[in-house]
Every structure is written in structure tokens, then in C-alpha cells.
Protein chains: 2
Amino acid sequence: MKIFNYKEVDLKKAEEGSQNLYVRWLITKDMGAEHFAMRLFEMEIDGYSPKHKHPWEHEVFILQGTGVIYSQEQEKSFKSGDVIFIPANEEHQLRNTGKETVIFLCLIPFL
Amino acid sequence: MKIFNYKEVDLKKAEEGSQNLYVRWLITKDMGAEHFAMRLFEMEIDGYSPKHKHPWEHEVFILQGTGVIYSQEQEKSFKSGDVIFIPANEEHQLRNTGKETVIFLCLIPFL
């Protein structure tokens, strides 16, 4: 077993195409996870993730903040306590539209 | 894409061997998830999960509350914001030792 607080994990700038977005890789292959990774994102005010798609799904839980998620032809608002499932190959983007940092978990499979 | 609040999902009594423990299956195969499931547990005061082991890992994020996790020869306290990785086939048990409901996410692979 491994146990630690999420704040102990390095916060790194997220991928190209994002703005004001940072990521902590909480549970990874290096730790012994065999099937999926847990990441925690911190999206500061005016931040957004890249608008993109890829052949793996996202399982998201919003821990703090408010924003909007765009996915194909839908645009929906989200808030703390919301759950989002984005299937593989579906274009998507999250945006912080609130006045505080959005914090969310986003888990992905190892393909 | 699917988006909903976790409280919209039915709260069911958790498995045998637990006490004061309830589960919401947030993201499942039925929803189209192909690799892993997201569940949210609510462990009321004096609650605990079964002491057991199984051939799949747990990826856990503590959303609220305080407690103790037992895993093989370790016993560690946990609190909100903590991350726990329990490898496959490792005996484990969570207990609420605080004065409020413990709420945590626990994700498991589809094997």
C-alpha cells in the first residue's frame, strides 16, 4: 500500500494547447498500477485544457470550482461534486469560468 | 459525454462484511466505460469496509473525513486529500475513526 497527500506530488505544467493548467500524476505505472492512472489537475482562473481527442476515455471528478466542458456538440457547465465521462475519440475541452482554481481528478487507462 | 452530480446516483448498501458503508457506482460498463469503474463510498461514523483481498487493485482518493487504513502489516491514518494505492492481492480495510462521514472515491479495473 502507498498513502500520501496529493499536495506531496509535483505540480507540472500540463500539455501544449492548455492555459493556466497544471497536473500532478498521483498514481502511475511506476507505483505499480497496472491498468489506469490517477491524475489531479489544477486549472487556474481563465485556464483551459486543450481541445482535442484521443483513443482513450476520461473519468473525471470535479473537486473544486466551476467551469464549462465542451464535448462534440454539447456544452455543459460543471461544479464541485460533478462526474464526467468522456468516451474514447470524443473531442473535449474543459474551461475554468469561475473565480477560483478548478481542481479535478482525471483518470485514464494504460492502453 | 455524460455529466451528472454524484448525488444523483443511487446510494446502495455496500458488500457483506462492511458496517455503515454505502456505495454509488458513478461510472460503469453500462455507461460505456471499457477499462475501469469509478465508485464513491460513504462510510458513516463507526463504519468500516470488509477486511479482505482480491485480484484487483484500488485507486482511492479521500474526499472528506478521517480514518485509518489497514493493509498487511501497515496501519496508517488518512484524511481529506489523501491518495491511497492498494495493489492487487493485498489485504486491506478502511475504518472511519472520526466524527463525520468519510467520503472517498475508489476505482477498480474491469478484469
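Our focus in this paragraph is the overall build of chain A. From N to C terminus, chain A includes zero helices and 10 strands. When the helices and strands of chain A are placed in sequence order, the string is β-β-β-β-β-β-β-β-β-β. Since a compact globule built from 111 residues should have a radius of gyration of about 13 Å, the 14 Å found for chain A is in line with a globular shape. With respect to the three principal axes, the spread of C-alpha positions in chain A is 40 × 30 × 25 Å.

Residues and elements named next belong to chain B. Non-glycine residue N20 carries a positive phi angle of around 50 degrees. On the secondary structure map, N20 appears in strand 3 (residues 19-27). Take N20: there are 16 C-beta atoms within 10 Å of it, and that puts it in the partly exposed class. Even without glycine at this site, N89 takes up a positive phi of about 65 degrees. Relative to the assigned elements, N89 resides in the loop between strand 8 (82-86) and strand 9 (92-96).

Attention shifts here to the pairing of strand 6 (residues 66-71) of chain B. All names here are of chain B. Here strand 6 shows a clear split, with G67, I69 and S71 buried on one side and none of T66, V68 and Y70 buried on the other. In the sheet, strand 6 pairs with strand 7 (residues 74-79) via six bridges, with the strands oriented antiparallel. Residue Y70 lies in a different strand from strand 7, and its bridge partner there is E75. Count of turn residues in the strand 6/strand 7 antiparallel hairpin: two residues, of which Q72 carries a positive phi of about 50 degrees.

What counts and what doesn't
Residues numbered from 1 in each chain as written. Chains lettered and ligands numbered in written order. Predicted model: local features only at pLDDT ≥ 70, side-chain atom pairs only at ≥ 80, totals over all residues. Helix = DSSP H or I, 4+ residues; strand = E, 2+ residues; numbered from the N terminus. Rg over C-alpha atoms; globule rule 2.2 N^0.38 Å. Buried ≥ 20, exposed ≤ 12 C-beta atoms within 10 Å, placed from the backbone. Pairing = 2+ DSSP bridges.

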